Amino acid sequence: MSRIGRAPIKLGAGVTVEFANRVVTVKGPMGTLTRKIENDKINVSVDNGVVHVTRVSEEKSVKAAHGLYRALIHNMVVGVEKGYSKNLVINGVGYKAVQQGDKVVLTVGYSHTVDVVPPAGLKLEVVSPTEISVKGIDKELVGQFAADIKAIRKPEPYHGYGIAIRMRPSSGKKARPPVNSRRNEECLRNRIKIPSGRRDTEGCVIALAAPPQDRALSSTVLWKTYMRRLSTTLRA
């Protein structure tokens, strides 16, 4: 069985799930969601506050649908119990968002303002002049509407001006910076002559080349000479 599909879904307080006529209905404190199970070989059952999704065929398409519908039902259960939200950050000179009733008016660098009206089932909230929050119980609807708002002014690649979806900070391992990064050049500016081929505690490559110690003598010619020595050392 699918590792995702066979995982049971525990229902929280006040959440109920019904399956009738191939339609799953999930009710909770925050609202009601329904979804039709298109694949007739996927069944849903509820036993003592736990939802089980099963299949009656081992076909490849049925196996794929097994995990899919279990994930969709789980999203519905979480949505009616806790809800979903996505925050968008506005970055740019003069860019801002203003709440006007249910809608939000965006000033994002055009000759006109842009009115954003949430669809039924969603709520828009201006957290600050440069941050918008999209809230709702339908995970797909929240994510799609946040993407639609971002498309109004996508962040440009140089300064990041535009609307971006705020992402959760990654808890993974920090990536080591590349050898020829600007950070590495900054680390080398105040280094003395040390054996090359190793990295210091900050992840910077220690090279033989060193910049002029006297900043007063750091003319254009001396700096070009230093950078030439640095590039030669790094290539070696």
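Values in this document were obtained by computation on a predicted structure and should not be read as measured data.

**Structural notes on the overall build of the chain**
When its secondary structure is counted, the chain shows four helices and 15 strands. Looking at the 236 residues of the chain, the share that counts as buried comes to 32%. Across the chain, every contact between residues at least 6 apart in sequence was considered, and the portion connecting residues at least 24 apart equals 48%. Summed over all atoms, the accessible surface of the chain reaches about 15200 Å², with 52% contributed by carbon and sulfur.

**Examining the sheet that holds strand β3 (residues 23-28)**
Pairing in this open sheet of three strands is antiparallel, and the strands run β2-β3-β4 from one edge to the other. Across the chains shown, the open sheet's two edge strands, defined by having one partner strand only, are β2 (16-20) and β4 (31-36). The sheet shows a mean angle of 15 degrees between the axes of neighbouring strands, taken without regard to direction. For β2 and β3, the ladder comprises five bridges, and the chain directions are antiparallel. By the bridge assignment, Glu18 is partnered in β3 with Thr25.

**Overview of helix α2 (residues 139-152)**
With 14 residues, α2 should cover 20 Å at 1.5 Å per step; its first-to-last C-alpha distance of 21 Å lies within 8% of that length. Within α2 the residues assigned to the buried category are Val142, Phe145, Ala146, Ile149 and Ile152. Each buried residue of α2 sits inside an arc of 105 degrees when the element is viewed along its axis, so together they form one side. Against β7 (84-91), β9 (103-107), β10 (114-116), β11 (122-128), β12 (131-136) and β13 (162-165) lie the buried residues of α2. Of the residues flanking the start of α2, the one acting as N-cap is Asp138, its side-chain oxygen 3.1 Å from the backbone nitrogen of Glu140.

**Thoughts on the sheet that holds β10**
Strand order in the open sheet made by the three strands is β8-β9-β10, with antiparallel pairing throughout. The sheet is open, and its two borders are formed by β8 (96-100) and β10, each paired with just one other strand. On average, adjacent strands in this sheet sit at an angle of 25 degrees to one another, irrespective of strand direction. Strand direction decides the pairing type here: β9 and β10, joined by three bridges, are antiparallel.

**A few points about unusual backbone geometry**
Despite not being glycine, Asn21 has its phi angle at roughly 55 degrees, a positive value. Considering the arrangement of structural elements, one finds Asn21 in the loop between β2 and β3. Located in the positive-phi region is Asn48, a residue other than glycine, with phi close to 55 degrees. Mapped onto the secondary structure, Asn48 falls in the loop between β5 (42-47) and β6 (50-55).

**Observations regarding the packing of aromatic side chains**
Inspection of every chain in the model, using the stated rule, returns zero aromatic pairs. Taking the ring centre of Tyr110 as reference, the NZ or CZ of Arg153 above it sits at 4.2 Å.

**Considering the environment of Ser85**
Secondary-structure assignment places Ser85 in strand β7. By relative accessible area, Ser85 is classed as partly exposed at 45%. Sequence separation between Ser85 and Lys123 is 38 residues, and the spatial gap between their C-alpha atoms is 9.4 Å. Excluding its chain neighbours within four sequence positions, the residues that come into contact with Ser85 are Ser133, Val134, Lys135 and Val142.

Calculation criteria
- All residue numbers refer to position in the chain's written sequence, counted from 1.
- Confidence filtering applies because this is a predicted model: local features only for residues at pLDDT of at least 70, side-chain atom pairs given and counted only at 80 or more, and all residues used for totals across whole chains, interfaces and linings.
- Where side-chain values are given, they derive from all heavy atoms of the structure, hydrogens and water being excluded.
- Secondary structure follows DSSP: runs of H or I at least 4 residues long count as helices, runs of E at least 2 residues long count as strands, and numbering of each begins at the N terminus.
- Relative accessibility decides the category of a residue: with a 1.4 Å probe and only protein chains considered, values under 20% of the type maximum give buried, values over 50% give exposed, and everything between is partly exposed.
- Any two residues whose heavy atoms approach within 4.5 Å are treated as being in contact.
- Methods summary: accessible areas were calculated by the Shrake-Rupley approach with a probe of 1.4 Å, and residue burial reflects only the protein chains presented.
- Pairing between two strands requires that DSSP report at least two bridges joining them.
- Comment: axis = line fitted to C-alpha atoms, over the contacting stretch for helices; angle = value between 0 and 180 degrees taken between N-to-C directions.
- In a helix, the anticipated span is given by 1.5 Å times the number of residues less one.
- Comment: arc refers to directions from the helix axis out to C-beta atoms.
- Polar contacts, as counted here, are pairs of nitrogen or oxygen atoms within 3.5 Å of one another; within protein the pair requires one atom able to donate a hydrogen and one able to accept it, and residues that are adjacent in sequence qualify only if both atoms are side-chain atoms.
- Side-chain rings of Phe, Tyr and Trp, where Trp is taken by its six-membered ring, are said to pair if the distance between their centres is within 6.5 Å; with planes under 30 degrees apart they count as stacked, over 60 as edge-to-face, and otherwise as tilted.
- In this analysis the charged atom, NZ for Lys or CZ for Arg, is taken to sit over a ring once it is within 6 Å of the ring centre and within 35 degrees of the ring normal.

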